[in-house]
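# Descriptive analysis of the structure
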There are 2 protein chains.
Amino acid sequence: MTKFKRIVNSIKPIDKKLESQILQHLNSLTKPQGSLGKLEDIILQYGLITGKIKPEIGGKQIVVFAADHGVAAEGVSAYPQEVTAQMVQNILNGDAAVNVLARHVNADICVVDIGVAGTFGDVPGLIHRKVKPGTENITAGQAMSNKEVLKAIETGIEMAEDAIQKGVTILGTGEMGIANTTPSSALFAALLPCSVEEVTGRGTGINDQKLNHKAQVIKKALAVNKDKLSSPVNILAALGGFEIAGICGLILGAAAHRIPVVVDGFISSAAALVTCKISDSVKDYLFFSHCSAEEGHQIFFERLGVRPILDLGMRLGEGTGAALAMSIIEASVKIYNEMATFDSAGVEKKLKK
Amino acid sequence: MTKFKRIVNSIKPIDKKLESQILQHLNSLTKPQGSLGKLEDIILQYGLITGKIKPEIGGKQIVVFAADHGVAAEGVSAYPQEVTAQMVQNILNGDAAVNVLARHVNADICVVDIGVAGTFGDVPGLIHRKVKPGTENITAGQAMSNKEVLKAIETGIEMAEDAIQKGVTILGTGEMGIANTTPSSALFAALLPCSVEEVTGRGTGINDQKLNHKAQVIKKALAVNKDKLSSPVNILAALGGFEIAGICGLILGAAAHRIPVVVDGFISSAAALVTCKISDSVKDYLFFSHCSAEEGHQIFFERLGVRPILDLGMRLGEGTGAALAMSIIEASVKIYNEMATFDSAGVEKKLKK
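Because the structure is predicted, anything quoted here is derived from the model rather than measured.

### Comments concerning the overall build of chain A
The helix and strand tally for chain A stands at 14 helices and six strands. Over its C-alpha atoms chain A spans a radius of gyration of 20 Å, differing by no more than 12% from the 20 Å that the globule rule assigns to 353 residues. Seen along its three principal axes, the alpha-carbon backbone of chain A occupies a region of about 70 × 45 × 40 Å. A buried classification covers 64% of the 353 residues belonging to chain A. For chain A, contacts bridging at least 24 residues in sequence account for 75% of all contacts bridging at least 6. With the model as given, the accessible surface of chain A reaches about 12,500 Å², and the carbon-plus-sulfur share is 49%.

### Remarks on helix α10 (residues 242-256) of chain A
Since the α-helix packs 3.6 residues into each turn, any two residues three or four apart lie on the same face. Residue and element names in this part refer to chain A. In this model, α10 (15 residues) spans 21 Å end to end at C-alpha, consistent with the 21 Å of a helix rising 1.5 Å per residue. Of all the 15 residues making up α10, 15 are buried; the element is thus mostly covered by neighbouring parts of the structure. Residue R258 follows α10 closely and has a positive phi angle near 60°.

### Quick notes on the pattern of salt bridges
All names here are of chain A. Tallying each qualifying case throughout the model produces 30 salt bridges over all chains. We note a salt bridge from E330 to K60, for which the minimum N-O separation is 3.0 Å. Here E330, found in helix α13 (residues 320-338), pairs with K60, found in strand β1 (residues 59-67); they are 270 residues apart in sequence, far enough to count as distant. Relative accessible area serves as the criterion here: at 11%, E330 is assigned to the buried category. Overall, the relative accessible area of 4% leaves K60 in the buried class. Within the structure, one salt-bridge network assembled from shared partners comprises K3, R129, E158 and E161.

### Describing helix α4 (residues 82-92) of chain A
For α4(A), a buried count of eight out of 11 residues is recorded, marking the element as mostly surrounded by other parts of the structure. Turning to α4(A), its buried residues number three or more, namely V83(A), T84(A), A85(A), Q86(A), M87(A), V88(A), N90(A) and I91(A). In this fold, the buried residues of α4(A) make contact with β1, α5 (97-104), β2 (108-115), β3 (126-128) and β4 (168-176) of chain A together with α14 (342-345) of chain B. The positive-phi residue at the C-terminal boundary of α4(A) is G94(A), with phi of around 85°.

### Thoughts on the interface of chain B and chain A
The interface of chain B with chain A comprises 57 residues on the first partner and 57 residues on the second. Carbon and sulfur atoms supply 62% of the area buried between chain B and chain A, which totals about 4,800 Å² over both sides. Three residues, Y79(B), H104(B) and L312(B), lead the burial of chain B against chain A; their summed loss comes to 13% of the area buried on that side. Remark: the boundary between chain B and chain A carries two salt bridges.

### Description of the pairing of β1(A)
All names here are of chain A. Of all nine residues in β1, eight are buried; the element is thus mostly enclosed. Sheet topology note: the β1/β2 ladder contains seven bridges and is parallel. Residue pairing for β2: A66 is matched across the bridge by D113.

### Notes on the state of the cysteines
All names here are of chain A. Scanning the model with the defined rule gives zero disulfides over all chains in all. C110 forms no disulfide, and the closest cysteine sulfur to it belongs to C248, at a distance of 17 Å. Of all cysteine sulfurs in the structure, the one in C276 sits closest to C248, which takes part in no disulfide; the separation is 9.6 Å.

### Looking at the pairing of β2(A)
Each regular strand displays side chains that alternate between the two surfaces of the sheet. Residues and elements named next belong to chain A. Buried residues dominate β2, accounting for six of its eight residues. As paired strands, β2 and β3 are joined by three bridges and run parallel to one another. Paired with D113 across the two strands is H128, which belongs to β3.

### Focus on the sheet that holds strand β4 (residues 168-176) of chain B
Residues and elements named next belong to chain B. The strand order β3-β2-β1-β4-β5-β6 describes an open sheet built from six strands, whose pairing is parallel. The open sheet has two edge strands with one neighbour each: β3 (126-128) and β6 (286-288). The mean inter-strand angle of the sheet, taken between neighbouring strand axes irrespective of direction, is 30°. The pairing of strand β1 (residues 59-67) with β4 spans eight bridges and is parallel.

### Notes on the relation of the copies chain B and chain A
Two chain copies, one operation linking them: a rotation about an axis together with a shift along it. Once chain B is rotated about the relating axis by 180° and shifted along it by 0.0 Å, it coincides with chain A to within an RMSD of 0.0 Å. The superposition operator between the copies reduces to a two-fold rotation axis. Taking C-alpha positions as the reference, the residue of chain B nearest the rotation axis is L310(B), at 3.4 Å.

### Structural notes on the packing of aromatic side chains
Under the defined criterion, the tally for this structure stands at 14 aromatic pairs over all chains. Measuring from centroid to centroid gives 6.3 Å for Y79(A) and F342(B), while their planes differ by 10°, and the two rings are stacked. Taken together, the residues Y79(A) in the loop between β1 and α4 and F342(B) in helix α14 connect one chain to another. Classification of F342(B) by relative accessible area gives buried; the value is 7%. Clustering of aromatic rings is evident, with ring pairs tying together F188(A), F266(A), F288(A), F300(A) and F301(A).

### What to know about the packing of helix α2 (residues 19-28) of chain A against helix α3 (residues 38-50) of chain A
Residues and elements named next belong to chain A. Between α2 and α3, the shortest axis-to-axis distance is 10 Å and the interhelical angle comes to 140°. When the axes of α2 and α3 are compared, the pair comes out oblique. As for how α2 packs across α3, the hand of that crossing is right-handed. Of α3, the residues touching α2 (which contributes E19, I22, L23 and L26) are E40, I43, L44, G47 and L48. For the contact of α2 with α3, a count of residues per class yields six nonpolar, one polar and two charged.

### Details of the sheet that holds strand β5 (residues 261-263) of chain A
All names here are of chain A. Across the sheet, which stays open at both edges, the six strands sit in the order β3-β2-β1-β4-β5-β6 with parallel pairing between neighbours. In this open sheet, the two edge strands, each paired with only one partner strand, are β3 and β6 (286-288). Taking each pair of neighbouring strands and ignoring which way they run, the sheet shows an average axis angle of 30°.

### Considering the packing of helix α9 (residues 232-239) of chain A against helix α11 (residues 266-278) of chain A
Residues and elements named next belong to chain A. With their axes 9 Å apart at the nearest point, α9 and α11 run at an angle of 155° to one another. The orientation of α9 relative to α11 falls into the category roughly antiparallel. Taking contact as the criterion, the partners of P232, V233 and L236 in α9 are, on α11, V274, K277 and I278. For the contact of α9 with α11, the per-class residue count stands at five nonpolar, no polar and one charged.

### Quick notes on the environment of T2(A)
All names here are of chain A. Here T2 lies in the segment before α1 (3-9). With 148 residues separating them along the chain, T2 and L150 place their C-alpha atoms 9.2 Å apart. One polar contact links the side chain of T2 to the main-chain amide nitrogen of K5, over a distance of 3.1 Å.

Scoring rules and cut-offs
Residues numbered from 1 in each chain as written. Chains lettered and ligands numbered in written order. Predicted model: local features only at pLDDT ≥ 70, side-chain atom pairs only at ≥ 80, totals over all residues. Heavy atoms only, no water. Helix = DSSP H or I, 4+ residues; strand = E, 2+ residues; numbered from the N terminus. Rg over C-alpha atoms; globule rule 2.2 N^0.38 Å. Buried < 20%, exposed > 50% of the residue type's maximum accessible area, 1.4 Å probe, protein only. Contact = heavy atoms within 4.5 Å. Areas by Shrake-Rupley, 256 points an atom, 1.4 Å probe, with all protein chains shown as cover. Expected span 1.5 Å × (residues − 1). Salt bridge = Lys/Arg side-chain N within 4 Å of Asp/Glu carboxyl O. Buried area = accessible area lost by both parts, 1.4 Å probe. Pairing = 2+ DSSP bridges. Disulfide = S-S within 2.5 Å. Axes fitted to C-alpha atoms, helices over the stretch in contact; angles between N-to-C directions. Least-squares fit on C-alpha atoms with pLDDT ≥ 70 in both. Phe/Tyr/Trp six-rings, centres within 6.5 Å; stacked < 30°, edge-to-face > 60°. Parallel < 35°, antiparallel > 145°, perpendicular 65-115°, else oblique. Left-handed = near helix turned anticlockwise from the far one by under 90°. Nonpolar A, V, L, I, M, F, W, Y, C, P; charged D, E, K, R; others polar. Polar contact = N/O pair within 3.5 Å; in protein donor to acceptor, adjacent residues only side chain to side chain.

Structure, rendered in structure tokens:
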């Protein structure tokens, strides 16, 4: 059995038997019941994921998968492809947005070259796991072979397992890859009930003309690959990217080990959607960090029936949303673990009527 | 001239002359322009408030004003009045929700007894500035005399000035006071174009019958005090609370010294509204932390034409929303100060077309 199959088989639905015990403690804390809103939903979900009455947050890590895309040749992005490798270097230098936000919330960053077109020398900190220097152009055929997509997914699984081994108790997804909103939109269009237009946006900032062109490119990719769009993994191979497959693996690996994953933005959500199609149980392990300003992200949330934690109009990716939301999740767990109860604090309870 | 008048007179509109310089640096950072959404709005506002090209965040402090309300006798809250003093003790013990969240974001808490009905002995950490042990019942007349309301406002101003002297560069508002959504709703009804019903909610969790009763109580308070509802300060004296007046002072004191204030939830917003009516220039110095689940908070945002940073369905007060939003604001300032520019990182810029 492949590592992929083994991991997928070991993902179990979250065990709800602790629910009443968790709620009992939550409702004994010195605050009106329910008055912390979404933070209380987070507490319950976090507890059920970990299966612990006193869940703790240990290490926090954001894994940034970087890769290039053959479809960049179609002119779907506002930036040249070289920017992928340049931004990987920028992240390794500690100077990108995701670095600032990860430092702010005290999370580690791990950067994985899973398919960047350029070559890196001996760059401190970079994890070299290049499957191939970029995907094939999806308007001409499938992005990855079945062997390649499995290798990328298994790389993600290994990243999750390495992190967990080192004491990480919550993982965040991140990515860098010029043109990667295009494969993401294609995945949404293939996996959700929606039109291409509904899930195609401006990415890093293209104009109206390029936006229209991008939608045509995605339609062509769906048409060219239509015989391949059978299983979720085949759809990922046909339309996806190496970084998207890596994120899929990270999510699957985390869920198999009952570790919560904070899903970043639009691209990470496309990966999350693939994993939810691979296994019904995955969704319970996911926290969706924020609603991106990228058109279509709202559609994704509506159709999947989930709600993001933040809505800050961000559309940068990298793991920036995951970093900020991770801090809200940690705050929630601390509320549960650190607050006094009505009894311990000697605070009178709500009046009977 | 009173301290109050002097402070109000020294509040100046924010100086927009740095705007282009701030935006120039922001747009040189290694990210698509505008891709950090609300964080970028925060950066600009923060820079303009402080008037510094490289604004820094030094000390962060949440000031929790605690007071009781004569109107509690009307049965408008789900909790008995004794809970105010008990929760003050809980906060001083470090065990309330606001303590957990303030620790999480590395902010200090300062607790001020500005009008609690109970007496405290030698309680470590409590700042004793009681104007009076609770307001008068607003259904029978004005809550505070003009002398009392000014003393409470000036207490808030002094809290701001003390904090700034100690190196605090961003202040958050907080409060504790059983029944204090009732005076807050009354203030909204008196100061906004809205009905009493639109801004009257369930507070700590009252049932339908009590909610209806609470609206009647507020209407009675507005009717009984109708001759007093002339200036913002007179309206505050007639309908408000000592903690609300304290928050007003904190905001005015901060704005006068160009220090940003993070406004917590429903009650703090009522105080913020009073200050915006006192001085047109105050609004620019305020960050609204979150949209409370309390009915009417959304109306406040719409009518004032402002947008909160977070929307987490919280309705606890204490300063809990201010703590979480303070962290987002700090993250934004760090983005501006710490990220590489396209030039410094050697990252290629956006394609010309």
